[in-house]
Amino acid sequence: MSELARLTAITKSFGGVRALRGVDLDLRAGEVHALIGENGAGKSTLMRVLGGEMVPSSGEIRIDGERVDFRNPRAARAHGIAIIHQELALAPDLSVAENIFLGELSPVISWGDLRARARALIDRLGFDIDPGRSVGSLAVAHQQVVEIAKALSRKLKIIVFDEPTAVLSTQDAERLHAIIAKLRDEGVGVIYISHRLEEVLSLADRVTVMKDGEVVGTKAAADLTIDEAIRMMVGRPLAALFPEKGPRAIGETRLEARALCAGRLVRNVGFSVRAGEIVGLGGLVGAGRSEVARAIFGADRLESGTIALNGQTVKLRSPKDAVAAGICLLPEDRKLHGVVLDAPIRVNATMARLSAVVNAFGFLKNALERRLVADLGASLKLKAASMEAPVSSLSGGNQQKVVLAKWFHAGGDVIILDEPTRGVDVGAKSEIYGIVFRLAEAGKGVLIISSEHQELFGLCDRVLVMGEGELRGELLPPDYSEENLLSLAISRRSAKPKAA
């Protein structure tokens, strides 16, 4: 394979902070080169240097053997480099065709030609998306396709994907992987950044691990295991990410769901979670797991069935009712439903129980709130410049900790965690796992929904498996395996879970 790009001794400093410390990286034509590491390792900064969004403090970049100095993204694009960021850079009110050819728009436009060219690019990617449709009306997966088509509209040599599957379903992620394989076959060089190590090892040809702004090493993906990759990233193997399961008192039933029905994906679902117990809810995407959580939290209307808390049947018509009753939900999409991104950490942390930080006249007790939030941040190891910083300024793992801080402050006996470590690096995952164990040790009933099977097996006392809106069965630790979980998930007969 010919060499498309070589970055040599790249450094980048922000004030006194060195984000990149002499990084070397090369990319060949027709390969997928994965870049992995914890948040703050320097991966995205390095790609912003390659994409012309940042100028390196020192070092050199060569494209096709020629030294280049990118002073802006336009210069990088002129050399065939495209960056697909996790936060998509699209104009939601414009059409698909307009977004793809945004740089070509002029006062005189042949709309028929523009849409035909857009259609050809989208067809090349194997999707059926109307070029005249507004981008804001598309699902996230289809918006990502528009971003890729936009990159393909120019002569493309190198494309960088930064956490592309963080918000995609399994099916959409597989379709994206097929697109990447097609680009590789066409000779495009692909740099792939992801926290999902299983997909990295199945997709990539080579893997480079970064830590603290430096390259730890580069290996062929075929020669790398998940355990070894994690050890290179954080200095310890996969098993060490999960806290030791010490003795934990299991008490009375905290939550009991009885014959819940809510739409097509919650059909006659019943289970219980006891005090001090961590129960997993596994299955394939679309099985109804998140819908069960939303129904219990009062976000979706129950058609039938009952919910009991600490032995008392409760009627939950809204999330407000659920919070008042003692149920907390860390939602699947933290940015949409878990936090107010532009608001300070302090505001987000106390919003679920403001009564604790206001006086009898409804005025905020500022000193008390600041003290409470500082204590919450310290106990959760929240990393932020200050508690006044907007949540949008935080990494994914720290944003998730803000949601957890909100529920720690609100109290409650039942904690539902829906995809608690999605888009979170392995170091932050380990810290979140420790928080989950602390919740259980404090006597909370914990329900965890996760698409990462090893996460369920490493945390949970038992795992309930859903398929097509029904509970298909239960796994206990001696039976934990991906084969057993998937076998239950795709079976047509539902099996009543064993008694808690």
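In what follows, the structure referred to is the one given above.
Residues numbered from 1 in each chain as written. Predicted model: local features only at pLDDT ≥ 70, side-chain atom pairs only at ≥ 80, totals over all residues. Heavy atoms only, no water.

Student: Quick one: what's the story with helix 9 (residues 289-296), residue by residue and with numbers?
Tutor: Of all the eight residues making up helix 9, six are buried; the element is thus mostly covered by neighbouring parts of the structure. Immediately beyond the C-terminal end of helix 9, within one or two residues, lies G298, with a positive phi of roughly 80°. (Buried < 20%, exposed > 50% of the residue type's maximum accessible area, 1.4 Å probe, protein only. Helix = DSSP H or I, 4+ residues; strand = E, 2+ residues; numbered from the N terminus.)

Student: Describe empty space enclosed by the protein, and please don't skip the residues or the numbers.
Tutor: Counted under the stated rule, the structure contains two cavities of 30 Å³ or more. Computed from the structure, the largest cavity encloses a volume of approximately 70 Å³. As for the largest cavity, its lining consists of E163, T165, A166, H195, R196, T421, R422, G423, V424, K429 and E452. Across the lining of the largest cavity, the residue classes tally to two nonpolar, four polar and five charged. For the second largest cavity, the calculated volume is near 50 Å³. (1 Å grid on protein atoms, 1.4 Å probe; cavity = no way out; pocket = protein on both sides within 12 Å on 5 of 7 lines; lining within 4 Å. Points joined across faces, edges and corners; volume = space filled by probe spheres on them. Nonpolar A, V, L, I, M, F, W, Y, C, P; charged D, E, K, R; others polar.)

Student: Any chance you could break down the pattern of salt bridges for me, citing the residues and the numbers?
Tutor: Tallied over the full model, the rule gives 27 salt bridges. Among the charged side chains, a salt-bridge network with shared partners connects D26, R28, E31 and R206. (Salt bridge = Lys/Arg side-chain N within 4 Å of Asp/Glu carboxyl O.)

Student: Please set out the packing of aromatic side chains residue by residue, giving values where relevant.
Tutor: Think of a pair of aromatic rings as described by two things: how far the centres are apart, and how the planes are tilted against each other in angle. Taken as a whole and judged by the stated rule, the model has three aromatic pairs. Consider the rings of F297 and W407, whose centres lie 6.1 Å apart with planes at 85°: the pair is edge-to-face. Here F297, found in the loop between helix 9 and strand 14 (304-309), pairs with W407, found in helix 14 (residues 396-410); they are 110 residues apart in sequence, far enough to count as distant. Seen from the ring of F101, R117 lies directly overhead, with NZ or CZ sitting 4.2 Å from the centre. The ring centre of F437 lies 5.5 Å from the NZ or CZ of R248, which sits over that ring. (Phe/Tyr/Trp six-rings, centres within 6.5 Å; stacked < 30°, edge-to-face > 60°. Lys NZ or Arg CZ within 6 Å of the ring centre and 35° of its normal.)

Student: Would you mind going over helix 17 (residues 482-490) in detail, with residue names and values included?
Tutor: When helix 17 is considered as a whole, its buried residues turn out to be L485, L488 and A489. Viewed end-on, helix 17 has its buried residues packed into an arc of 100°, placing them on one side of the element. Pointing more than 90 degrees away from the buried face of helix 17 are the exposed residues E483 and I490. As for helix 17, its buried residues are in contact with strand 13 (278-283), helix 16 (453-459), strand 19 (462-467) and strand 20 (470-475). (Arc of directions from axis to C-beta. Contact = heavy atoms within 4.5 Å.)

In short, geometric facts, not functional conclusions.
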